[in-house]
Amino acid sequence: MEPYELIRSRRKTLALEITKDCRVMVRAPLRMSETHIRAFVESHEDWIARHLERQRQRAASAPPPPTEEEIEALRARARAELPPKVAYWSEKMGVRPTGFKVTTARRRYGSCSGKNSLCFSCFLMNCPEEAIELVVVHELCHIREKNHGPRFYALLAQYLPDYRERKKLLR
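Keep in mind it's a predicted model, so treat the numbers as computed, not measured. (Residues numbered from 1 in each chain as written. Predicted model: local features only at pLDDT ≥ 70, side-chain atom pairs only at ≥ 80, totals over all residues. Heavy atoms only, no water.)

Where a protein is soluble and globular, its nonpolar side chains tend to be buried together. By size, the foremost hydrophobic cluster in this structure holds 33 residues, and its most contacted members are Leu-82, Trp-89, Met-93, Phe-120, Leu-124, Val-137 and Leu-140. When contributions to this core are tallied by element, the ones reaching two or more residues are helix H3 (68-93), strand S6 (117-121), helix H4 (129-144) and helix H5 (150-159). Sort the elements by how many residues they give to this core and H4 lands first, with nine residues. Once residues lying within four places of it in the same chain are set aside, the contact partners of Phe-120 are Leu-82, Val-86, Phe-100, Lys-101, Val-102, Thr-103, Tyr-109, Gly-110, Val-135, Val-136 and Glu-139. If you look at the next biggest cluster of nonpolar residues, it comprises 11 residues, including Leu-16, Val-26, Ile-37 and Val-41. (Core = buried A, V, L, I, M, F, W, Y, C linked by side-chain atoms within 4.5 Å. Buried < 20%, exposed > 50% of the residue type's maximum accessible area, 1.4 Å probe, protein only. Helix = DSSP H or I, 4+ residues; strand = E, 2+ residues; numbered from the N terminus. Contact = heavy atoms within 4.5 Å.)

The subject of this paragraph is the packing of H3 against H4. Two elements in contact, H3 and H4, have axes whose closest approach is 10 Å; the angle formed by their N-to-C orientations is 50°. When the axis of H3 is compared with that of H4, the two are oblique. As H3 runs across H4, the sense of the crossing is right-handed. Residue-level inspection shows Leu-82, Lys-85, Val-86, Trp-89, Ser-90 and Met-93 of H3 in contact with H4, the latter providing Glu-129, Ile-132, Glu-133, Val-136, Val-137, Leu-140, Cys-141 and Arg-144. Class assignment for the residues of the contact of H3 with H4 results in nine nonpolar, one polar and four charged. (Axes fitted to C-alpha atoms, helices over the stretch in contact; angles between N-to-C directions. Parallel < 35°, antiparallel > 145°, perpendicular 65-115°, else oblique. Left-handed = near helix turned anticlockwise from the far one by under 90°. Nonpolar A, V, L, I, M, F, W, Y, C, P; charged D, E, K, R; others polar.)

Structural data, given as structure tokens:
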């Protein structure tokens, strides 16, 4: 049986998780017996083995993380290239962001705060030009439409009719 980390909390069910660093996590209710938890893990050995192998393959094929110098270069490029794009599209769309920031976020390329301040990840600069433009327009659309409802996508399509094709470039 694969070794696992046990996390107890005020939950009602058992759950298995394989982390990015290939650890097996078991989440269990506070009062559940070790015997019951062990039986649960044993009954899912095949699932654990399959998913651990998949995660190990992902980890092996993943590119090495960027160095500090590479991150700084991306940040500098973002600070130079994004403000003119934001200014161009803001003018075209008739909206005004209240702020601009570049971060090292890895899970999202951009965001728009409730106060209309825009934030972009420096890693966006690794994407093609059409994708960068999509993220800029997407975030500017949030100044008018705060959610991802039908009106938001209608507004986005008004400025970038090919936004669906551009979105594929982000993956």
